[in-house]
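# Inside the fold
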Amino acid sequence: MRKLNYLIGLTLIVGLMSSCKKDDATIPAPSVTFQNGMTTMAYTGTNFIDINVTFAAEGKIESVALNGPSLTGTGTTTTTITNKMGTTASDNANGETSATYLFKVSAIELAAAFINHSILSYTFTVTDKQNSSTTGTFTVTAGSGNPVAIYNDIQLGSYNNTTIGSSFASLDGTVYELVAAKANSSKIDVIFFYGATNNATLSAPSNLTDLNVLFTTGSAPSTWTVLNDTKLLKRNDIDFASVTNGNDIPNVQSTGSVKVNNLSVGDVVAFRTASTNTAFPNKNGIIKVTAITGSGATAVLKFNVKVAS
């Protein structure tokens, strides 16, 4: 009987020890891994990000977030990832132990980000249900040369076009109608009009000699706080399609004028911004005219743009 009691007691002790070890076991922190271990890339002006990112969590995934550079400013933006590969957009992998996401950033988006950032850092954070978090960062550096931001299929309306704005900001490719352009005058680099003698024309906001004749509403350029003195010059000797490096875009500050007129489809126009706002550094860019529709007050000019970052 004494031996039996000893064995029973020993069994209870071993059971308690095993239970304690199991309860005290630490769940590993979650992990972030990039496809083929790739965590850096040099941006050359045309390449882009297109890789898988895998998140693992024995404690089960609670959320996954991405913090990356803003495309329109110097700050960053944080978003919760909700699109797991092969599933619907509403699947955020909550409660799963592993999930793979497609991390994709286009060449155009990278170029836009490099306008305001010298290095691009994309940081992923995975948090499990034990409130344990792990981060992984993918870094993009500017390769040799000077990347360009690309904006395609931009349309500008002439001075009395009520549906398409006439003012363009090369900072981020935005087209503004007159009221909004007046409120954002420090960003406006180019204004389009189709005149009786100038025909299809791209003009600097500072060119009031022409603009005052055609733009006569309460938000006309003459009422703006800032009139940027952009310089423009036709450069049909430049092969627009082959320009992938900002160093290939000429600086026409000393050779350009405040307008280029009599534009035709296929014309290439080089320009140099002249912002008075220190938040928007002066840059070189080129425009290729792809279409001109109509004439006079409601004409439309369509073009592609490349701007050195």
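What this report covers is the structure whose coordinates are included nearby. The shown structure was predicted, so the numbers you read here are calculated from the model rather than taken from an experiment. (Residues numbered from 1 in each chain as written. Predicted model: local features only at pLDDT ≥ 70, side-chain atom pairs only at ≥ 80, totals over all residues. Heavy atoms only, no water.)

### Describing the sheet that holds strand β11 (residues 174-176)
The strand order across the open sheet built from five strands is β11-β10-β12-β13-β15, with neighbouring strands paired in antiparallel fashion. The two strands at the open ends of the sheet, each matched to only one other strand, are β11 and β15 (259-260). Bridge count between strand β13 (residues 199-203) and β15: two bridges; the pairing is antiparallel. Across the sheet, Ser203 pairs through a bridge with Lys259, a residue of β15. (Pairing = 2+ DSSP bridges. Helix = DSSP H or I, 4+ residues; strand = E, 2+ residues; numbered from the N terminus.)

### Re the packing of aromatic side chains
Summed over all chains, the structure comprises 10 aromatic pairs. Here the aromatic rings of Phe34 and Phe138 are separated by 5.9 Å at their centres, their planes lie at 50°, and the arrangement is tilted. One end of the pair, Phe34, is in strand β1 (residues 31-34); the other, Phe138, is in strand β8 (residues 133-142), and 104 residues separate them in sequence. Side by side, Phe34 and Phe138 carry an identical accessibility label, which is buried. Both rings, one in Phe55 and one in Tyr101, keep their centres 5.4 Å apart while their planes meet at 70°; by these two values the pair is edge-to-face. Placement of the pair is Phe55 in strand β3 (residues 49-56) and Tyr101 in strand β6 (residues 98-105), with a sequence separation of 46 residues. (Phe/Tyr/Trp six-rings, centres within 6.5 Å; stacked < 30°, edge-to-face > 60°. Buried < 20%, exposed > 50% of the residue type's maximum accessible area, 1.4 Å probe, protein only.)

### Quick word on the side chain of Arg272
Here Arg272 lies in strand β16 (residues 268-272). At 3.0 Å, the side chain of Arg272 and the side chain of Asn284 are in polar contact. Setting aside anything within four residues of it in sequence, one finds Arg272 in contact with Thr230, Lys231, Asn251, Val252, Gln253, Asn282, Lys283 and Asn284. (Polar contact = N/O pair within 3.5 Å; in protein donor to acceptor, adjacent residues only side chain to side chain. Contact = heavy atoms within 4.5 Å.)

### Quick look at the pattern of salt bridges
Summed over the entire model, instances satisfying the criterion amount to six salt bridges. Across the salt bridge formed by Lys234 and Asp267, the nearest N and O atoms sit 3.7 Å from each other. With Lys234 in strand β14 (residues 231-234) and Asp267 in the loop between β15 and β16, the pair connects residues that are 33 residues apart, well separated along the chain. Judged by relative accessible area, which is 33%, Lys234 ranks as partly exposed. Exposure remark for Asp267: the relative accessible area of 9% places this residue in the buried category. In this structure, the salt-bridge partner of Arg235 is Asp237, at a minimum N-O distance of 2.8 Å. Overall, the relative accessible area of 24% leaves Arg235 in the partly exposed class. (Salt bridge = Lys/Arg side-chain N within 4 Å of Asp/Glu carboxyl O.)

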